[in-house]
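In case you want the letters, here they are:
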Amino acid sequence: MKPITRRSFLEKSGTGIAVAGTIPALSIPVPQRGSSPDASAPTSQIQLKVNGQAHRIEVEDRWTLTEVLRDHLGLTGTRLGCDRGECGACTVLLEGKNVYSCSYLAVWADGKDITTVEGLARGDELDPLQQAFITHDGPQCGFCTSGQLMSARALLNDNPHPTEKEARQAMAGNVCRCSNYNRYLEAVLAAAEEDTSRG
Amino acid sequence: MVEKLKTVGTATPRVDGLERVTGRATYSADIRLPNMLYARVLRSPHPHARVLRVDPSRALAVSGVKAVLTHENCDIVWSSGDRANPRRLFNNTVRLVGDPVAAVAATDRHLAEEALKLIDVQYEPLDFVLDAEEALEPGAVEIYPGGNLSPVFSFTNPGPGKREPSIYVRGDVEKGFADSDKVFEGHYLSKHINNAQLEPRVAVARWEGDKLTVWTPTQGISSCHRDISTSLKIPPEKVRVICQYMGGGFGNKNQCQDSDLIAAELAQAAGQPVKLELTRKEDFIAVHGRWPTSQYYKIGVKTDGTLQAIELLGYSGMGPYKKSSGDIAGIDFYGCPSIKKEIYTVFTNTAVGANFRGPPYPQGVFGLGSMMDEIAHDLKIDPVEFHLKNFTRQYRDETPYTSSGLAECIRQGAELFEWSRRWSPAGSGTEPIKKGIGMAIGGFGSNLGRSSAVLRLDSEGTLWVHVGITDIGTGAKTTMALIAAEAVGVALEKVQVISGDTDRCPYSVGESGSRTTSHTGGAIVEAAKDLKAQWAANGLPEGDEELIAEASPAPRLQGVARVAFAAHFVEVEVDTELGSVRPLKYVAMHDSGRIINPLTAASQVKGGVIQGIGMALHEQLIYDENTGIPVNPGYYGARVMTHLDAPEVEVHFIETEDAYGPFGAKAVGEPPIVPVVGAMANAVFNAIGKRITELPMTRDKIIGASS
């Protein structure tokens, strides 16, 4: 039996894992490639637009989006907590939707528009969510914070005035082991009050 | 109530909040050095086995693989990995699923992962034992020669003691039972759960000549520094430990971890910097979690509910390496003339049981708090009244507390919760959805002790505070800044905290035992006295001048005990058909002395409570009894709390005046999780009229008890 690799697993499952709670409605095109996933590191040329900036990069097909963002574009604000689609620390926006970047191959993101936590603020002007996270003491250890922010941003983009229940549902795929859920919820609802016009 | 201060006591957003919300905060995994290699660890698939042969030659033949370590070429003893026996980085025999067998450094993390598969290992599997009580039975496999009872260990006496149970006695329990009107017995079980902090273990090691720098998430740069120096036998000045930001730990990142040492050894062997990243699964099975317990209680009372005697016979499963006390605690929250506590801490072939927030308490308060609730129920005494009668007035009935707001926590908590209005007799609701309420009390030591601080005031009026803390998520940097601003008399905006780097900071006690505020905050207050005297004598510095003051106080409490207290109240809704339990209302009352930062302190309490609810309802590392393999490592399998599960937690502080500690501050970090599981269990009992005696209170147990 062939050992299961991340690539073969993700491809067989036919979908990246969307952040739980945001119904996984994304249909993800799986690029067909001739080479065996077990052969030594086939690569592809891809284009990414990250936080408004275009990148053309050569990636190994087995690299996840998290790896490319963190290790190859230097965007370490996206954290890696479990590397298996369970915790949400790696959440980024892909075409405006929140996805677990640890469970999304970089090659699938070819041609896509990505926003990471580094892209939330406009210059010195923080996203209202970022400001609310500071004011309401959202981050304790802060390791889940980027992911919480990105899921919250995806929520407010779709639903500028969420109810408490909708906010909980939308953020359900982002674990905070410090368990500062009360604060995060407060912060998201406060930010929604203040400003929901941003994308 | 405490007197109002200028800066301390003001709800203050974290001084590093901006870094935390913009992604700029640098965690250890974000460190990337030129020429850096990536490392992975090969771990035992067996719970107990001899390594007959380990052959890395096929891995070493791969281009890009730079170093492989095994027990054959690395004999280093991890000094803080076990207080009982020498624990090597690579042990032969391996004693748990996840024990390191080899480590690889390669130019790429995928290459390192692939290389692990090329290491040939031949094992001779041995019998294994998973349960602490079974491990003490005659005929059980001996994990170490001489049997599985582990030596006594305490934090005050950290060396390995004799292999005997830990025994505490006061009064005469036999007489106490004879004097009692009624004697209650009960058996409670708690399971191994993992700290599951969001940031996995990682270490980046770099040698520059004979100087080693390690970037690692640690709850104590000073102790980590000492452990690395001791384990690798290199002089302390040749080791630098850096931890600027860390993603939680809850006791999982005490001192140094074997990953720090393995990274350093690989870097040495390869002649290149190395980053060792643990996977989430490795973090669950190969670091440590909360030790499982089996608790047998016998408690004697008068018919009016007055406690006469408490006897506890307990067993704690420590895994094969003894890293912590294994105690089962909670009895000290009650006044009682006669106590006998006998705890057996036992080696098992499971994940190591060690520190996890309030290490011996939540499971102890689950058992003892359930017993107390059972007694109150049987004697038809309201649990609030029962606790007001029996809560501790003096530590172990003999030593006065420096301060205690426990009575107020219970009284005011019951009022704020509207206990009387919500109360109805156990099991009296109508099926299928039943409500119930429960309460429990707890606390955590707030000792004083040694730490250091260096303060520098420059001509711009900036106060530089050098303290060897790391901010595990408690807001310690902000707490230190508030204390410094208050003590010196400058605005908070003028304070710069320099922390998390052993080359730039003096000794600090470490982020364990809820001690940072008391110890290191206390050192800042001491140093500030000197700085203010200099300021008064010489005026503000000019140009390049600086006023510099330092202090290394080591205060000791004499004839008094210092404890932070808590009382928790919860209402739950139990669906007796689905077996689900949902907390509806939660009131957490805390006496932590003066609160330095009400904003972050309340966050700590909220988080501790919700974490505790996860322990009460869901979490358990489940082992396959036939293979000794843990089957559900990871967030999904552990069923940690999520946004959907978390109730709103109402937090109130009873700010008692305390003459010790910085401005009278006591512990905040650990107390919040202590009463939670007990309160939840009692609420479930009140709802369904049946007592769940084994954690976690999963649906199968609720349905089983309800039908």
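Being a predicted model, the structure only gives us computed values, none of them experimental.

Things to note about the overall build of chain B
Here's step 1: Looking only at helices and strands, one finds 18 helices and 26 strands in chain B.
Here's step 2: The C-alpha radius of gyration computed for chain B amounts to 26 Å, which stays within 12% of the reference 27 Å derived for 707 residues, consistent with globular compactness.
Here's step 3: Counting only residues that meet the buried cut, chain B has 61% of its 707 residues in that class.
Here's step 4: The long-range fraction of contacts in chain B, counting pairs at least 24 apart against all pairs at least 6 apart in sequence, stands at 82%.

What about the overall build of chain A?
Here's step 1: Looking only at helices and strands, one finds six helices and five strands in chain A.
Here's step 2: Taken from the N to the C terminus, the helices and strands of chain A come in the order α-β-β-α-β-β-β-α-α-α-α.
Here's step 3: Within chain A, the proportion of its 199 residues that are buried is 55%.
Here's step 4: Sequence-distant contacts, at least 24 apart, represent 62% of the contacts inside chain A between residues at least 6 apart.

Focus on the sheet that holds strand β18 (residues 453-458) of chain B
Residues and elements named next belong to chain B.
Here's step 1: Here we have four strands laid out as an open sheet, ordered β20-β19-β18-β21, and mixed in their pairing. Whereas interior strands pair on both sides, the edge strands pair on one side only; in this sheet they are β20 (495-498) and β21 (546-551). Averaged over all neighbouring strand pairs, the angle between strand axes comes to 15°, with direction disregarded.
Here's step 2: In terms of strand pairing, strand β19 (residues 463-466) meets β20 through four bridges, oriented parallel. Within β20, the position partnered with V465 by the bridge is V497.

Here we look at helix α14 (residues 516-538) of chain B
Here's step 1: Between its terminal C-alpha atoms α14 of chain B stretches 31 Å, which fits the 33 Å expected from 23 residues at 1.5 Å a residue.
Here's step 2: With its phi angle positive at about 75°, G539 of chain B sits one or two positions after the end of α14 of chain B.

Here we look at unusual backbone geometry
Here's step 1: The step from E431 of chain B to P432 of chain B runs through a cis peptide bond, and the omega angle for that step is -5°.
Here's step 2: Mapped onto the secondary structure, P432 of chain B falls in the loop between α12 (419-422) and β17 (433-445).
Here's step 3: Note that the residue after L695 of chain B, namely P696 of chain B, is joined by a cis bond; omega there is -15°.
Here's step 4: Relative to the helices and strands, P696 of chain B resides in the loop between α17 (676-688) and α18 (699-706).
Here's step 5: Even without being glycine, S179 of chain A reaches a positive phi, approximately 60°.
Here's step 6: Residue position: S179 of chain A is located in the loop between α5 (164-170) and α6 (181-194).

Observations concerning the interface of chain A and chain B
Here's step 1: Contact with chain A, which involves 42 residues of that partner, is made by 45 residues of chain B.
Here's step 2: For the side of chain A that touches chain B, the elements supplying multiple residues, two or more each, are α3 (128-135), α4 (145-158), α5 and α6 of chain A.

Looking at helix α7 (residues 258-270) of chain B
Each full turn of the α-helix corresponds to 3.6 residues, which orients residues three or four apart in the same direction.
Here's step 1: Compared with the 18 Å implied by 1.5 Å per residue over 13 residues, the 18 Å span of α7 of chain B between its first and last C-alpha is a close match.
Here's step 2: Buried within α7 of chain B we find D258, S259, D260, L261, I262, A263, A264, E265, L266, A267 and A270 of chain B.

Quick notes on the sheet that holds strand β3 (residues 91-94) of chain A
Residue and element names in this part refer to chain A.
Here's step 1: Reading across from one edge, β2-β1-β5-β3-β4 is the order of the five strands in this open sheet, with mixed pairing throughout. Taken across any chain shown, the strands that pair with only one partner, and hence form the sheet edges, are β2 (53-60) and β4 (97-100). Averaged over all pairs of adjacent strands, the angle between strand axes in this sheet comes to 40°, irrespective of strand direction.
Here's step 2: In terms of strand pairing, strand β1 (residues 43-50) meets β2 through eight bridges, oriented antiparallel. Following the sheet pairing, L48 is matched in β2 by H55.
Here's step 3: Together, β3 and β4 form the strand contacts of α4, whose direction differs from that of β3 by roughly 35°.

Things to note about the packing of helix α6 (residues 221-232) of chain B against α7 of chain B
All names here are of chain B.
Here's step 1: Remark: α6 packs on α7, axes separated minimally by 10 Å, with the N-to-C direction vectors making an angle of 50°. Relative to α7, α6 is oriented oblique. In this structure, α6 crosses over α7, and the sense of that crossing is right-handed. For the pair formed by α6 and α7, the contact residues are C224, I228, S231 and L232 on the first element and D260, L261 and A264 on the second.
Here's step 2: Its residues assigned to classes, the contact of α6 with α7 comprises five nonpolar, one polar and one charged.

Examining the environment of V346 of chain B
Residue and element names in this part refer to chain B.
Here's step 1: Positionally, V346 belongs in strand β16 (residues 338-346).
Here's step 2: Spatially, the C-alpha atoms of V346 and C243 are 33 Å apart, while their sequence positions differ by 103 residues.
Here's step 3: Discounting residues that sit within four places of it in the chain, V346 has contacts with A132, A135, L136, N148, L149, S150, Y315, S316, G317 and M318.

Comments concerning the nonpolar core
Residue and element names in this part refer to chain B.
Here's step 1: Counting 265 residues, the largest nonpolar core has A263, L455, A484, I524 and V684 as the members making the most contacts within it.
Here's step 2: At 10 residues, α17 tops the list of elements feeding residues into this core.
Here's step 3: Those residues within four positions of A263 in sequence are excluded, and the remaining contacts are A39, A203, V204, A205, V214, V274 and L276.

A short note on the packing of helix α9 (residues 361-378) of chain B against α17 of chain B
Residue and element names in this part refer to chain B.
Here's step 1: Look at α9 against α17: their axes get within 7 Å of each other, and the N-to-C directions meet at 35°. Note on packing geometry: the crossing formed by α9 with α17 is right-handed. Of α17, the residues touching α9 (which contributes P362, V365, F366, G369, S370 and D373) are V676, V677, G678, A681, N682 and F685.
Here's step 2: Class assignment for the residues of the contact of α9 with α17 results in seven nonpolar, four polar and one charged.

Description of the pairing of β16 of chain B
Residue and element names in this part refer to chain B.
Here's step 1: β16 sits mainly inside the fold: eight of its nine residues count as buried.
Here's step 2: Alignment of strand β6 (residues 166-170) against β16, held across five bridges, turns out to be antiparallel. Following the sheet pairing, Y168 is matched in β16 by K341.
Here's step 3: For strand β15 (residues 307-317) and β16, the ladder comprises nine bridges, and the chain directions are parallel. Bridge pairing in β16 places L313 opposite E342.

Notes on the environment of V609 of chain B
Residue and element names in this part refer to chain B.
Here's step 1: Residue placement: V609 occurs in helix α15 (residues 598-617).
Here's step 2: A tally of 30 C-beta atoms within 10 Å means that V609 is categorised as buried.
Here's step 3: The sequence separation of V609 and G510 amounts to 99 residues, and the corresponding C-alpha distance is 23 Å.
Here's step 4: The contact partners of V609, leaving out residues within four places of it in the chain, are Y586, A588, V649, P672 and V676.

Some points on the confidence of the model for chain B
Here's step 1: Mean pLDDT over chain B: 97, with 99% of residues reaching 70 or higher.
Here's step 2: Interface confidence for the predicted complex, expressed as ipTM, amounts to 0.97; the pTM equals 0.95.

Calculation notes
- The residue numbering used here restarts from 1 in each chain and proceeds along that chain's sequence as written.
- Here chains are named by letter from A upward and ligands by number from 1 upward, in the order in which they appear as written.
- Since the coordinates come from a predicted model, pLDDT governs what is reported: local features require at least 70, and pairs of side-chain atoms require 80 or more to be given and counted, while whole-chain, interface and lining totals use all residues.
- Comment: elements are numbered from the N terminus, with helices defined as DSSP H or I runs of at least four residues and strands as E runs of at least two.
- Each radius of gyration is computed over the set of C-alpha atoms, and the globule rule expresses the reference value as 2.2 Å times the number of residues to the power 0.38.
- Our exposure labels follow a C-beta count within 10 Å of each residue's own C-beta, placed from the backbone: buried means 20 or more other C-beta atoms, exposed means 12 or fewer, and partly exposed covers the counts in between.
- This entry defines residue contacts through backbone-placed C-beta atoms, with two residues in contact when those atoms are within 7 Å.
- The rule for pairing is simple: two strands pair if DSSP sees at least two bridges between them.
- Where helices are involved, their axes are fitted lines through C-alpha atoms of the stretch in contact, as for all axes, and angles between N-to-C directions lie from 0 to 180°.
- Here, expected helix span is obtained from the residue count minus one, scaled by 1.5 Å.
- Orientation categories follow fixed angle ranges, with anything under 35 degrees roughly parallel, anything over 145 roughly antiparallel, 65 to 115 roughly perpendicular, and all other angles oblique.
- Here is the rule for handedness: rotate from the far helix to the near one, and if that takes an anticlockwise turn smaller than a right angle the crossing is left-handed, while a clockwise turn gives right-handed.
- For this classification, Asp, Glu, Lys and Arg are treated as charged, while Ala, Val, Leu, Ile, Met, Phe, Trp, Tyr, Cys and Pro are nonpolar and the rest, including Gly, are polar.
- When buried Ala, Val, Leu, Ile, Met, Phe, Trp, Tyr and Cys residues are joined through C-beta atoms within 7 Å, the set is termed a nonpolar core.
- Every residue gets a pLDDT, meaning the predictor's confidence in that residue, from 0 to 100.

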